[in-house]
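Here's the letter readout for the chains.
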Amino acid sequence: MNNFIKVAKEENIQDNWRNFVHPDDLKNCEASREKVLNGINQANFELRLRGLSDDINEYHWYNLSAYSIFDENNNATKATIIVKNIEEEKERMHILQCRAERDAMTGMLNRATIEAEIDNILNKFDKNSVGVILMFDIDDFKQINDENGHIAGDKAIQSFAEELRRQFIETDTIGRIGGDEFLVWIKDVSDKKIIETR
């Protein structure tokens, strides 16, 4: 908190409070601020702030509870704000979300997640959009398992997953949909040569 007071004095937080808010959270913060100043008794919201940790330029997640303060004419003129660090809670939620969305063996999206991702993409498609779905499996995978055991089969799946990551780019959606089967969704395909280069 001492760091925050120091930064606030240097940057004049009264006039430049937006400088402390993460750009992606600024719209939500301004909307909540307006609610409080317009007479809403209480507003709770989460956002990333800088200046409250040892590194004054590093953003962390906080929960803010803002309470309106009214003057003698019942106008909201000020607010009391309670700030709670929720960085660890956010990190735990992120880990749980990743576990729910990811295939444990490969770290790729699991079947349910990749299907939801593709549905979401298709819902935003217009008539000029073009996408491609590619399906992959490992040749003779059953034979690998039968002759070398399941550990060798698991390693084959992991190696194949790594190869897919190398062959496709970040904007492509890749997932394991079961066993030795993988799915890749490539969006915004305007030329078949794009597929050939993957």
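Residues numbered from 1 in each chain as written. Predicted model: local features only at pLDDT ≥ 70, side-chain atom pairs only at ≥ 80, totals over all residues. Heavy atoms only, no water.

1. Quick notes on the pattern of salt bridges
Working step 1: Scanning all chains against the criterion turns up eight salt bridges.
Working step 2: Across the pair D25 and R48 runs a salt bridge whose closest N-O atoms are separated by 2.8 Å. Note that D25 is positioned in the loop between α2 (13-16) and α3 (26-37) and R48 in strand β1 (residues 42-50), a separation of 23 residues in sequence.
Working step 3: On the basis of relative accessible area, D25 is assigned to the buried category, the value being 7%.
Working step 4: Notably, a salt bridge pairs R166 with E163, separated by 2.7 Å at the nearest N-O pair. Here R166 and its partner E163 are both found in helix α7 (residues 150-167), three residues apart, which amounts to about one turn of the helix.
Working step 5: Classification of E163 as partly exposed rests on a relative accessible area of 31%. (Salt bridge = Lys/Arg side-chain N within 4 Å of Asp/Glu carboxyl O. Helix = DSSP H or I, 4+ residues; strand = E, 2+ residues; numbered from the N terminus. Buried < 20%, exposed > 50% of the residue type's maximum accessible area, 1.4 Å probe, protein only.)

2. Some points on the packing of helix α6 (residues 141-148) against α7
Working step 1: Relative orientation of the contacting elements α6 and α7 amounts to 145 degrees, with a least axis distance of 6 Å. Here α6 contributes F141, I144, N145 and N148 to the contact with α7, which in turn contributes H150, A152, G153, A156 and I157. (Axes fitted to C-alpha atoms, helices over the stretch in contact; angles between N-to-C directions. Contact = heavy atoms within 4.5 Å.)

3. Comments concerning helix α5 (residues 111-123)
Working step 1: With 13 residues, α5 should cover 18 Å at 1.5 Å per step; its first-to-last C-alpha distance of 18 Å lies within 8% of that length.
Working step 2: Of the residues making up α5, those classed as buried are T113, I114, I118 and I121. Projection of α5 onto a plane perpendicular to its axis shows the buried side chains occupying an angular sector of 130 degrees, all on one side. The outward face of α5, more than 90 degrees from its buried face, is lined by the exposed residues A112 and N123. (Expected span 1.5 Å × (residues − 1). Arc of directions from axis to C-beta.)

4. Some remarks on a negative patch on the surface
Working step 1: Residues D137, D139, D140, E147 and E181 make up a contiguous surface patch of negative charge.
Working step 2: Its relative accessible area of 58% is what places E147 among the exposed residues. (Patch = residues over 30% accessible without salt bridge, like charges linked within 9 Å, V, L, I, M, F, W, Y side chains within 5 Å. Areas by Shrake-Rupley, 256 points an atom, 1.4 Å probe, with all protein chains shown as cover. Lys, Arg positive; Asp, Glu negative; His and termini not counted. Charge placed at Lys NZ, Arg CZ, Asp CG, Glu CD.)

5. Considerations on the side chain of R50
Working step 1: Within the secondary structure, R50 sits in strand β1.
Working step 2: Among the polar contacts listed, one links the side chain of R50 to the backbone oxygen of N19, at a separation of 3.0 Å. (Polar contact = N/O pair within 3.5 Å; in protein donor to acceptor, adjacent residues only side chain to side chain.)

6. Some thoughts on the sheet that holds strand β3 (residues 76-85)
Working step 1: With antiparallel pairing, three strands are arranged side by side in an open sheet as β1-β2-β3. Edge positions in the open sheet fall to β1 and β3, since each of these has one partner strand only. Averaged over all pairs of adjacent strands, the angle between strand axes in this sheet comes to 35 degrees, irrespective of strand direction.
Working step 2: Sheet topology note: the β1/strand β2 (residues 59-70) ladder contains nine bridges and is antiparallel. When the sheet's bridge partners are listed, Q42 is paired in β2 with Y67. (Pairing = 2+ DSSP bridges.)

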